[in-house]
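Topology and contacts: notes
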Amino acid sequence: MTDENNIFEVVGQPHPNRSERVEKLAELGFTWADLEEEEYWIDQLVLMPKETYAELEQAAAALWRILDKAARYVHRRPDLYELIGIPPILWTMLNELPIPEPGLISRYARFDFAVANDGTIKLLELNADTPTGYVEASIATPWLMEQAGYDSPNARMKDLVAEAWAIERPDTVACVDYGWHLEDSGTIEALGRHSGLDLHYEDCLELWIDEGILKNKDGRTIERLFALYPKEWMAVDDAGEALSYAIETGRLTIFNGPHSILLQSKGLLAAVWGLYELGLLFDTEERQAIAKYMLPTYNKPVFAGGFVSKSMFGREGGSVRLFDEEGRLELEDQEGFDSSVLFPTVYQKRAELARINTVFGERHLLTGLFVLNGTPCGLLGRAGGPITGNTSHFIALGVK
């Protein structure tokens, strides 16, 4: 494939003094550019045309409205909760707590798109519950672009987070293994810094629940919590029932809010596609966006050509399997946790990821786009294999 057929342009060569750049990024808050002996960050830039970026923002805004509409359609429908894999432990919480206003079910989310070399855009999934990659997108990408003389559309991300958190006002932010897990710890610290709020930072594993009240290890009461804690884990964690009770009874408010699990489920993509095929719920404009930017997605493998199977709550590529045109298994993720043993599976038509030539050789490019406080903003570039999993690399993605 020649570069003339590729809308993406890889620019620059790695700086001769990598450790100096890694140190500078760490000072800014991106402390995992090198992970153990691995170079997680590729010191090059990928640029897309401004027309493609404009279309990507437009596609994200349309799909955000479509998925919001679908989540409201599913809300309070146990048959549909079951269909999209929502664990029953969460049903009472979802039914009894008010669903947020349109467009704001989640104020911190990230779409993952397959943007092909010819500029075709297809939605792969939405992480509306606990997306990471925020530090790479909001801190590292603007700095790396600026160093090379480019503007970055990501510069607005921190302002949008400040707007969102000024409304949500958490008193505590938490992740699992806070202080040890570099990426999750760095993510909550960056969000906290950008929010401008005075916050407590905690390890989820050190929190406990006392008669419906969440407390830290010293007994401090937590009332409003932002946590990188996937809500479906409440179905499998020992303290899941106590945590869901604390939320249901209003003693604890969590962010993203409980209803973000409806958007998080990949089963919702299958529900949207089913409603689209039946001619239900969506207007003409929405139907055009679904046809153009979504992939046929079902609860069963009913494809004639190549398809992908993944858990409704798979993360980091875990549980993803690629099937070829004949329906034979071609590739499966070996690194991430296979959550399809716990949650139902969806089947999605395969889409082409762009291929880019980096210093590490040819890689597939996954295009992430954050949605913060209801606004699409913040490109995240990840370069890896056909399945973008734990072993993929961060590469700064921008606009030319």
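Scroll up a little and you will see the structure.
Residues numbered from 1 in each chain as written. Predicted model: local features only at pLDDT ≥ 70, side-chain atom pairs only at ≥ 80, totals over all residues. Heavy atoms only, no water.

The subject of this paragraph is the pattern of salt bridges. Per the counting criterion, the structure on display carries 22 salt bridges. Note that R18 and E39 form a salt bridge whose closest N and O atoms lie 3.8 Å from each other. Of the two residues, R18 is situated in helix α1 (residues 18–28) and E39 in strand β3 (residues 38–39); the sequence distance between them amounts to 21 residues. A relative accessible area of 15% places R18 in the buried class. Where K69 meets E286, a salt bridge forms, and the shortest distance between an N and an O atom there is 2.8 Å. Pair noted here: K69 is in helix α2 (residues 50–74) and E286 is in helix α11 (residues 284–293), with a separation of 217 residues, a long-range link. Judged by its relative accessible area of 28%, K69 is partly exposed. Among the charged side chains, a salt-bridge network with shared partners connects R18, D34 and E39. (Salt bridge = Lys/Arg side-chain N within 4 Å of Asp/Glu carboxyl O. Helix = DSSP H or I, 4+ residues; strand = E, 2+ residues; numbered from the N terminus. Buried < 20%, exposed > 50% of the residue type's maximum accessible area, 1.4 Å probe, protein only.)

For the rest of this paragraph, the subject is the packing of aromatic side chains. This model, assessed by the stated rule, comprises 20 aromatic pairs. Here the aromatic rings of Y81 and W91 are separated by 5.7 Å at their centres, their planes lie at 55°, and the arrangement is tilted. Taken together, the residues span a long stretch of sequence, with Y81 in helix α3 (residues 78–83) and W91 in helix α4 (residues 91–96) at a distance of 10 residues. Consider the rings of Y108 and Y134, whose centres lie 6.1 Å apart with planes at 70°: the pair is edge-to-face. Placement of the pair is Y108 in strand β5 (residues 108–115) and Y134 in helix α5 (residues 134–147), with a sequence separation of 26 residues. (Phe/Tyr/Trp six-rings, centres within 6.5 Å; stacked < 30°, edge-to-face > 60°.)

The subject of this paragraph is α11. Residues of α11 that are buried: E286, A289, I290 and Y293. Around the axis of α11, the buried residues are gathered within 100° of arc, so they sit on the same side. α11 presents T284 and Q288 as exposed residues on the side facing more than 90 degrees away from its buried surface. Each element contacted by the buried residues of α11 is listed here: α2, β6 (121–127) and α10 (267–278). (Arc of directions from axis to C-beta. Contact = heavy atoms within 4.5 Å.)

So, on to the nonpolar core. F8, I86, F111 and F113 are the most contacted members of the largest nonpolar core, which has 80 residues in total. Among the elements that make up this core, the one with the highest residue count is α2 (12 residues). Judged by nonpolar contacts, the second largest core, of 40 residues, contains W143, L199, F226 and A396. (Core = buried A, V, L, I, M, F, W, Y, C linked by side-chain atoms within 4.5 Å.)

Moving on: α1. Buried within α1 we find R18, R21, V22 and L25. Here the buried residues of α1 occupy an arc of 100° about the axis, which is enough to place them on one side. Opposite its buried face, α1 presents the exposed residues S19, E23 and E27, each directed more than 90 degrees away. Contact partners of the buried residues in α1: β2 (34–35), β3, β4 (41–48) and α5. A positive backbone phi angle near 120° is found at G29, which sits one or two residues after α1.

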